[in-house]
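Read off the chains here:
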Amino acid sequence: MAYYIIKLVITSLLIVLISEIGKRYSLVGALLAAIPLVSILAMTWMYIDTQSSDSAVEFSKRIVWLIAPSMTMFIAFPILIKKGMGFFPSMFISVSLTIFAYYSVIFILEKFGIKL
């Protein structure tokens, strides 16, 4: 139980730290957010939990295929905001489009025999 609390605290602190830095220095915050910290943490926790790098390797291979559709949000969100849509509707639509993009890529890859 203590291990899960440590994982939660470390992960939460990083997110809060990045958002606070981003408020003051948007470029630095964006750079820190662009680093795949969540993926790094997830792979680290996987390795610590299993003492094997196999699951982290498989995880990272799958992430590669999902990078392109994740860009959907970062393209759609500013466009919607600039069109005058509110923050939360823009976020909802951007996330929805990103989820659709993920499923589309997974569907297309499966047609080519690539199973994520």
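Source: prediction; values computed, not measured.

Rules of the game
Residues numbered from 1 in each chain as written. Predicted model: local features only at pLDDT ≥ 70, side-chain atom pairs only at ≥ 80, totals over all residues. Heavy atoms only, no water. Helix = DSSP H or I, 4+ residues; strand = E, 2+ residues; numbered from the N terminus. Rg over C-alpha atoms; globule rule 2.2 N^0.38 Å. Buried < 20%, exposed > 50% of the residue type's maximum accessible area, 1.4 Å probe, protein only. Areas by Shrake-Rupley, 256 points an atom, 1.4 Å probe, with all protein chains shown as cover. Lys, Arg positive; Asp, Glu negative; His and termini not counted. Charge placed at Lys NZ, Arg CZ, Asp CG, Glu CD. Salt bridge = Lys/Arg side-chain N within 4 Å of Asp/Glu carboxyl O. Phe/Tyr/Trp six-rings, centres within 6.5 Å; stacked < 30°, edge-to-face > 60°. Expected span 1.5 Å × (residues − 1). Bend = angle between axes of the 7 residues up to and from the residue. Contact = heavy atoms within 4.5 Å.

For this particular structure, what's the right way to read the overall build of the protein?
Looking only at helices and strands, the protein has five helices and zero strands in total. Of the regular secondary structure in the protein, the N- to C-terminal order runs α-α-α-α-α. Here the C-alpha atoms of the protein give a radius of gyration of 17 Å, more than 25% beyond the 13 Å that 2.2 N^0.38 yields for 116 residues. Its C-alpha atoms give the protein principal-axis dimensions of about 50 × 45 × 25 Å. The buried share of the protein, taken over its 116 residues, is 15%. With the model as given, the accessible surface of the protein reaches about 8,700 Å², and the carbon-plus-sulfur share is 77%. Positive and negative charge centroids in the protein, built from 9 and 5 side chains respectively, lie 12 Å apart.

Explanation requested: the pattern of salt bridges in the structure shown.
Think of it this way: side chains of opposite charge can pair up when their charged atoms draw near. For the structure on display, the rule yields five salt bridges. The residue Arg62 makes a salt bridge to Glu58 at a minimum N-O spacing of 3.7 Å. Here Glu58 and Arg62 lie together in helix α4 (residues 54-82), a separation of four residues that amounts to about one turn. The class of Glu58 is partly exposed, set by a relative accessible area of 37%. Residues Glu110 and Lys115 are paired through a salt bridge, measuring 3.8 Å at the closest nitrogen-oxygen approach. Judged by relative accessible area, which is 40%, Glu110 ranks as partly exposed. With relative accessibility at 67%, the residue Lys115 sits in the exposed group.

What am I meant to see in the packing of aromatic side chains here?
How two aromatic rings sit relative to each other is given by the distance of their centres and the angle of their planes. Inspection of every chain in the model, using the stated rule, returns four aromatic pairs. Each ring, one from Phe87 and one from Phe88, has its centre 5.0 Å from the other, and the planes form 90°; the classification is edge-to-face. An aromatic cluster is built from Tyr3, Tyr4 and Trp45, whose rings are joined through pairwise contacts.

How should α4 be read in this particular structure?
In an α-helix, one turn spans 3.6 residues; hence positions three or four apart end up facing the same way. For α4, spanning 29 residues, the distance from its first C-alpha to its last is 44 Å, which sits close to the expected 42 Å at 1.5 Å a residue. Its maximal kink placed at Ile67, α4 deviates by approximately 45°, while the proline Pro69 follows within four residues. Taken together, the buried positions of α4 are occupied by Ala56, Pro69, Ser70, Ala76, Phe77 and Leu80. Contacts from the buried residues of α4 go to α3 (37-50) and α5 (87-111). Phi turns positive, to about 95°, at Gly84, one or two residues after α4.

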